[in-house]
Structures are given as C-alpha cells and as structure tokens.
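What follows is the residue order along each chain.
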Protein chains: 2
Amino acid sequence: MSPPPFKYQQPKHKLTLIPGPIEFSNDVLASMATPSQAHTSPEFIATFQYVLKRLRKLFKSSDPNSQGYVLSGSGTLGWDVAAANLLVPGDKVLVLSTGFFSDSFAEALKVYGIEVDVITAKVGDVVPLDQVKDALQKTKYAAITITHVDTSTSVVSDVEGVSKIVKEVSPNTLIIVDGVCSIGVENLEFDKWGIDFALTASQKAIGVPAGLSIFYISERALAKALNREKETTFFASLKRWTPIMKSYEAAKPAYFATPAVQTITALSTSLDEIFSESLDERFAKQAQVSDKFKKTCKDLGLTILPVDDKVAAHGLTAVYFPEGVDGPALLKKLSEKGFVVAGGIHKALPGKYFRVGHMGYSSYAGHLDAFAKALEESLKELKQ
Amino acid sequence: MSPPPFKYQQPKHKLTLIPGPIEFSNDVLASMATPSQAHTSPEFIATFQYVLKRLRKLFKSSDPNSQGYVLSGSGTLGWDVAAANLLVPGDKVLVLSTGFFSDSFAEALKVYGIEVDVITAKVGDVVPLDQVKDALQKTKYAAITITHVDTSTSVVSDVEGVSKIVKEVSPNTLIIVDGVCSIGVENLEFDKWGIDFALTASQKAIGVPAGLSIFYISERALAKALNREKETTFFASLKRWTPIMKSYEAAKPAYFATPAVQTITALSTSLDEIFSESLDERFAKQAQVSDKFKKTCKDLGLTILPVDDKVAAHGLTAVYFPEGVDGPALLKKLSEKGFVVAGGIHKALPGKYFRVGHMGYSSYAGHLDAFAKALEESLKELKQ
C-alpha cells in the first residue's frame, strides 16, 4: 500500500510487553502521522479498500458474501456488535469461559437481554469438549461464544474442536469467536471451521495503536443482522455499517460516521508487514519465540499458568511469581530494566502471577531475548 | 504536557479544507507516532489525567460534579451515549433541526425507542425561538437536542437563547447539544447556560485525527445515567465508563476497554495548543478568519448559504455554486490547485453548493488566504 509518510526511528523507550497494546513497528507509527486526508478522498478510499480486502485474507476467508469491518472503537465494541445485531432479547447463548474476558463477554450479552449459560473451565485449562457437547444436546442455543485466547489465563481454546461439535450437534447455533488476542497470532480458519463472527482489536497481534474494532462476519450471520426487525443500537448497527464497508471495498466513498483515517492507514501498513510472509509462517515464527520464552521461564524454575503446553497461547505467557519473590518488587525491577509487563487479573489468583505479551512486532524485534535476560537478572537480584 | 516524540514537518500535501477531518498541526501528528505505552503506565495516566482536566476548561465548566469523557469512537457514538444513558424508551424528545445532522440525531434517538418531535428550520436558518417556546409549553419533553453547528447548512444555533427558554418554560428538560462542529470554535458555556450533555469528535475544531468521541455531562444528567434501572448498551454505558474517567482524572489506572493511547496523546498536544491562548481569543481569531473569507466570497459575487450573517457558523462556510459554473468542475479545479473542499449534503439542495472547512489549525496557518486566491483563479478560469 502507500508507504509511510517519512522514515521514522522511534525514540528509545521502555518496551511494552503486555498482552496489548503491544510494541509497534517504526513504519506503523510513522503512518499514524499521515497528514490529513478527507475520509472520501481517493487516497483514503484506496487505503480502506486495501485494508478490507486484506481482512479477508487475515481471517482466512474466501467467501465473497462474508464481510470485514473496521470501526472506531475498542475490542469491547465487538461484543456489542454481536449482541445487538446477531441476537435478540430472550435468545440463549452458551459461553465457554476460560477467564476474565469470557465472563465479561457474558456480561455484555446480558445487557442486551440475552440469556447466558456459562461453562467455566478450570483455571488455566479449556472447557472439555464433552461438556460442550452435553450442553448443546440439552439446550437449543442461538449462539456459542468462544474466547480464542483469554489473556487473563493465557489459555488458547480449541476453536476448531468446538466448531466441529457445534456443526454436528446444533448446526444452527452461530459460532462467535472473541479473537482479540488471537487474530494474527493463532490460526483461525473462518470459512473452513464455519465461524460466524470473529472480532479483534487493533492494538493486539494486528500491531496497530488502539482505537479500532475489527470484525468479520459470515453470510448467514450477516443475513440475520440485515433482516432483523428492530435495531437496538445506532453506532454499532450492521444495517448502517454494511453498505459503508461494501462501498469502500468497492473503492467508492460512503458515509455513516467518520472513520479513523490515520489509524486505518497504520492498519494498512501493518497488514503489509503481516503479509510480507504467509500467515502460517507468521504463526510459526510467533510460536517459536513463544516456545523458546516459555522454556526459558521453566529453566529459571518458574511455573506457567496454563495446565498444559497444549493449551498455552503463543501471543503471551502467564507466569506464577516464584515462592519467596515479591510480585510488585519483580515488576518494579523489570520496569527499571526497561520492560513493562502486566500483572495478573484472574480473580481466583490475586497477585499470584504476571503476564508477558509477545505478539507481533516484539517477536520479530528480538525483544523477548532481551526480556528473558532482564527477568533472570531481576530474579537473581531479588533472591540475594 | 509531554512534548511530541520528535520534531516533525509534515510532507507537502493537498490541504483538507472540509468540515472535518481538518488539517492537523505538525506536533499533533508527531504525537500520533508516540511509541507504545501501556494504558496503565504512569506516562499515559498522566496524559489522560491532563486531557480530562483540560476538557473541563474546554467546555467552560467548573462544576466538580460534571464529568468529561473520551471514548474510542466517532461523533456519532455520542448520540448513542445520550440516547442509551439519559433517556428511556417512550421518552419524548424535541429535536431542533437545522439540517442533515440534526435529522440523523433524531434517527439515532428513534432506534432507542424514543419519541421524537422535530421542528425543522428553513434551509439556512435556525429554528425561531418562539416555536421552541410553543412546543415546550404544549408538551413535556424529557430532553431537547440542539445541533450547535449543522455542517450541512453551516448554520450556528443560538444555544444560549434556546437554553434560556428551556430553563423558563420546562426546567426539567435535559439540554443536549451536538457540538461536533462547534466545541473549540463557537462559544459554549456549559455551566452558565445549564447544558446537560455536549458531544464532539476529535477531528473537528479539536484538531486531532478521527477516532475519539468526546463528551461532557452535567451532574443531574449523570445522576440519571447512573441511577437508571436498565442498561441498554455495554460499550456506550456511562455506568461502565464513569468510574474509569474519574479514576484517570485522579491519576489512578482503571480498565473497562483499552483507550486509544496515541490519539489521546495527540489530544493532549492539541489541547496544549488550544490553551496557548484563552478560549475566547481562539474563538475571536477563528471568527476573524471566517468573516474575512466570507467577505472574500461575497466580493467574488458568491452567495453564502445561511440566510443571515448572524446565523453563519465560524468553522466552515457553505457557498452556492455561482450561476453558469459547473460544480464538479470547480471542485476539480480547486483540487488540482491543492485544496480539498466538500460538496453539499442537504437533501433540499442537491449539487447546488460546496463547503469549506476552516476550524482550528487552518485558521492559524493562513490556509484560507491561499484558498481564497485559488478560488478566485478557478472561477476566472471556468468563466473564460
């Protein structure tokens, strides 16, 4: 796409190794400083068209009747979009909970009058597939929600496995995937697995500053949204946004609400970087960095939160504070050495663990090796 | 606030003189390229605190129980926030319509089950105050909406005059102001006039790239939002966002959904620029540039859309295409000379006029003088 407006070398700064916002590439940040363009200018129309076409590839979809969207907002807005457009009050939804964000999604659904059944996984594990099957056999659900990666536990769900069961047992149930910490780092086959709605946010593995809600919808889910009788939201209405996205993707201007020109331009730059290799190569690279870091943690005597490597996400690592080490003191030491990581947020494990994000740019820029060294030193210093 | 991360001179480009997105200053654009910061980092907390404190000044409010908000979104989201938090289905709202955006606000309200009465002004004029008074005397309205500047007509409403009448006739009616093209360019006295809710967007007179919904709420309106029984939105819920904003303003981290770190940093830079003089000085400067440009238009034999100079907004100018001049040809000529202006969007005047935005930076950078010259030349060339 159009190159960034200038050559930028971002100033030295503490590295943000949290599960989003992640570190951004120089070109992505330079694109954030693109001079003003009208949202209906040929330049921006070309940028937005490019972005929307690339989203199809990002979600691994080739169905021309599915549709990608980019709205000003955050990942959370995607929950409202799903609740307000794909469901109606009184609908029953099965929520597979692997932590804080799964539960918050359930809360968002309830606000829209949706009846929610939650199956909660053991902390650090996924929901067993037989429990999903049982629930789907007992109750007719309008939709099921899967949090692909719940960053509170750093657990990755088996979206493919769950989808297979849904298709077998209850094919009319819509499959909704919260892909906020997965799209761009974990494999998601939108068409092949029969996903109906997948949402993410710019500041995660997509590699763009926060401010964009990004989602992708299947033909049947879109039909449901467009044919619904009653709108229950204006800003998050797919009836309003669908013609706009289709228009931009066809390189024609359209207006409902002003898009975030600069951040969408940065998204086009980031998608360029993402597709400088195949998506599968990108997943493999991030998995390799993740595996190496997790091994380093274990070599340092640390324990990873997920109960098994098979359910450990590749975009972040949740690690228990070791016995005898003060958590806040460790985070402070790491910060002094130039690394910002995140505390734990699972309510069952208060102050017991921390989280290191390594999606996207940081996996390519060698940040994790530097961080691992700082972690080792910090632990040594604290044990002295 | 913290200075932009580097010295930036934006590349030469066509000047965007539309009613938003406007042209941005070099420092604002440089701030968009701020390296990643955690949304809970001390650096970003300080930035966000500064922004929220400055919003009070921007809305001319000193009431500690009122509150400012910055959400990822567009101006449109502010309509949802008003509808979903301050009103309940069945409420009656009086909409004063001065054009396309007033009518769209009415449409947004209807989506939330609100009964809307619209008083439509003559094209290019405001709603006469006696009509407002009559309507308020006849019907009990939960709220009244005023579009301070409707960019489809470039008419500025007399918010002070309307507010006075509301306070006299129906003091319990909430006063909601769409200030999307007014905040930062037209005077709005939030406390003094007794406004309850005023909304704007970053890419207008605020001078920041699109992506932020900015609004300000009075104590009594906030109480209504916080005490309401039923939430009807998750992402746009003031119950969710109010503790977050109060927390950031008190320099404490909080989380509901990830804020747009870079765009909010750019907002802090822009507020620095805005408050490098008094707000009234800024209004006067922009009014002077606006008056001069409107006079130039008249000297060129052009006719301005507002029926009277007294109702003409100062942040943009809507001008009829002159007799015998092909509209699209004029816009094309202007674009070739390096200026992007906007076509008209009022449905009663299809293809009959164009709109020149001159909020904020362009008023200071001398863009309008250069544009006036290009306009004169273009008209000459087309008449040859």
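As shown above, the structure is provided for reference.
Residues numbered from 1 in each chain as written. Chains lettered and ligands numbered in written order. Predicted model: local features only at pLDDT ≥ 70, side-chain atom pairs only at ≥ 80, totals over all residues. Heavy atoms only, no water.

### Some details on the overall build of chain A
Counted only if it meets this: Note on conventions: DSSP H or I runs of at least 4 residues are helices, E runs of at least 2 residues are strands, and numbering of each starts at the N terminus. Note that the radius of gyration is over C-alpha atoms, with the globule rule given as 2.2 Å times the number of residues to the power 0.38. Per-residue accessibility, obtained with a 1.4 Å probe over protein chains only, is compared with the maximum for each type, and a residue is labelled buried under 20%, exposed over 50%, and partly exposed between these values. The contact criterion used is simple: two residues touch if any of their non-hydrogen atoms lie within 4.5 Å. Methods summary: accessible areas were calculated by the Shrake-Rupley approach with a probe of 1.4 Å, and residue burial reflects only the protein chains presented. Only four residue types enter the charge count, namely Lys and Arg as positive and Asp and Glu as negative; His and the chain termini do not. Charged groups are reduced to one reference atom each: NZ for lysine, CZ for arginine, CG for aspartic acid, CD for glutamic acid.
Looking only at helices and strands, chain A features 13 helices and 14 strands. Taking 384 residues into account, the globule formula puts the C-alpha radius of gyration at 21 Å, and chain A, at 21 Å, falls close to it. Every one of the 384 residues in chain A was classed for burial, and the buried ones make up 64%. Expressed as a percentage of contacts within chain A between residues at least 6 apart in sequence, the contacts between residues at least 24 apart total 71%. Entry remark: accessible area of chain A is about 13600 Å², with carbon and sulfur atoms responsible for 53%. Positive and negative side-chain charges of chain A, numbering 42 and 42 respectively, have mean locations separated by a distance of 1 Å.

### A few points about the side chain of Thr233(B)
Put simply, the test is: Here a polar contact is taken to be a pair of N or O atoms separated by no more than 3.5 Å, where protein atoms must pair a possible hydrogen donor with a possible acceptor and residues adjacent in sequence count only if both atoms sit in side chains.
With respect to the helices and strands, the residue Thr233(B) is situated in the loop between helix H8 (219-227) and helix H9 (238-249). For Thr233(B), the side chain forms a polar contact with the main-chain nitrogen of Ala236(B), separated by 3.1 Å. Ignoring sequence-local partners within four residues, the contact set of Thr233(B) consists of Asp80(A), Val111(A), Tyr112(A) and Ala84(B).

### Details of unusual backbone geometry
Residues and elements named next belong to chain A. A cis amide bond, omega 0°, links Gly20 with the succeeding residue Pro21. One non-glycine residue, Lys60, lies in positive phi territory at about 55°. With respect to the element layout, Lys60 can be found in the loop between helix H2 (42-58) and strand E2 (67-72).

### Examining the interface of chain B and chain A
Spelled out, the test is: Two parts placed together each lose some accessible area under a 1.4 Å probe, and adding up what both lose gives the buried area. A pairing counts as a salt bridge when a side-chain nitrogen of Lys or Arg comes within 4 Å of a carboxyl oxygen of Asp or Glu.
Listed by partner, the interface residues are 58 residues for chain B and 58 residues for chain A. Both sides together, the interface formed by chain B and chain A hides about 4100 Å², and carbon and sulfur atoms give 64% of it. Sorting the residues of chain B by area buried against chain A places Ser36(B), Val111(B) and Phe234(B) first, and these three jointly supply 16% of that buried surface. Linking chain B to chain A there are 2 salt bridges. Residue Arg240(A) is joined to Glu107(B) by a salt bridge in which the shortest nitrogen-to-oxygen separation is 2.5 Å.

### Describing the sheet that holds strand E9 (residues 197-201) of chain A
All names here are of chain A. Selection criterion: For two strands to count as paired, DSSP must find a minimum of two bridges between them. In this analysis, axes come from line fits to C-alpha atoms, helices being fitted only over the stretch in contact, and the angle between any two N-to-C directions falls in the range 0 to 180 degrees.
The sheet built from 7 strands is open, its strands ordered E2-E10-E9-E8-E5-E3-E4 with mixed pairing. Each edge of the sheet is formed by a strand with only one pairing partner; in this case those strands are E2 and strand E4 (115-120). Going across the sheet, the axis of each strand differs from the next one's by a mean of 20°, ignoring polarity. Examined bridge by bridge, strand E8 (residues 174-178) and E9 share 3 bridges and lie parallel to one another. Along E9, the bridge assignment pairs Asp178 with Leu199.

### Re the packing of aromatic side chains
This is how the line gets drawn: Here a pair means two rings of Phe, Tyr or Trp (six-membered ring of Trp) with centres within 6.5 Å. Their orientation is stacked below 30 degrees between planes, edge-to-face above 60, and tilted elsewhere. We call a charge positioned over a ring when the NZ of a Lys or the CZ of an Arg lies within 6 Å of the ring centre and within 35 degrees of the ring normal.
Summed over all chains, the structure comprises 41 aromatic pairs over all chains. Members of the aromatic cluster, joined through ring pairs, are Trp79(A), Phe105(A), Phe234(B), Phe235(B), Trp241(B) and Phe256(B). In this structure, Lys285(A) packs its charged tip against the face of Tyr364(A), placed 5.8 Å from the ring centre.

### Some points on the sheet that holds strand E14 (residues 353-357) of chain A
Residues and elements named next belong to chain A. With antiparallel pairing, the 3 strands of this open sheet are ordered in space as E11-E14-E13. The sheet is open, and its two edges are formed by strand E11 (316-320) and strand E13 (342-343), each paired on a single side. Where E11 and E14 come together, 5 bridges link them in antiparallel fashion. Within E14, the position partnered with Tyr320 by the bridge is Tyr353.

### Some thoughts on a nonpolar patch on the surface
Selection rule: The patch calculation keeps residues exceeding 30% relative accessible area without a salt bridge and links them within 9 Å when they carry like charges or within 5 Å when they are nonpolar (Val, Leu, Ile, Met, Phe, Trp, Tyr).
On the surface, Phe100(A), Ile345(A) and Tyr255(B) cluster together to form a nonpolar patch covering roughly 230 Å² of accessible area. Structurally, Tyr255(B) can be placed in the loop between H9 and helix H10 (261-274).

### Digging into the relation of the copies chain B and chain A
Put simply, the rule reads: Least squares is the method for superposing the copies, and the C-alpha atoms it fits come from residues with pLDDT of at least 70 in both.
With an RMSD of 0.0 Å, chain B superimposes on chain A once it is rotated by 180° and translated 0.0 Å along the axis. Here the transformation between the copies is reduced to the relation of a two-fold axis. The position closest to the rotation axis in chain B is occupied by the C-alpha of Gly73(B), lying 2.4 Å away. Comparing contact sets, 100% of the residues at the interface of chain B also lie at the interface in chain A, consistent with an isologous, same-surface contact.

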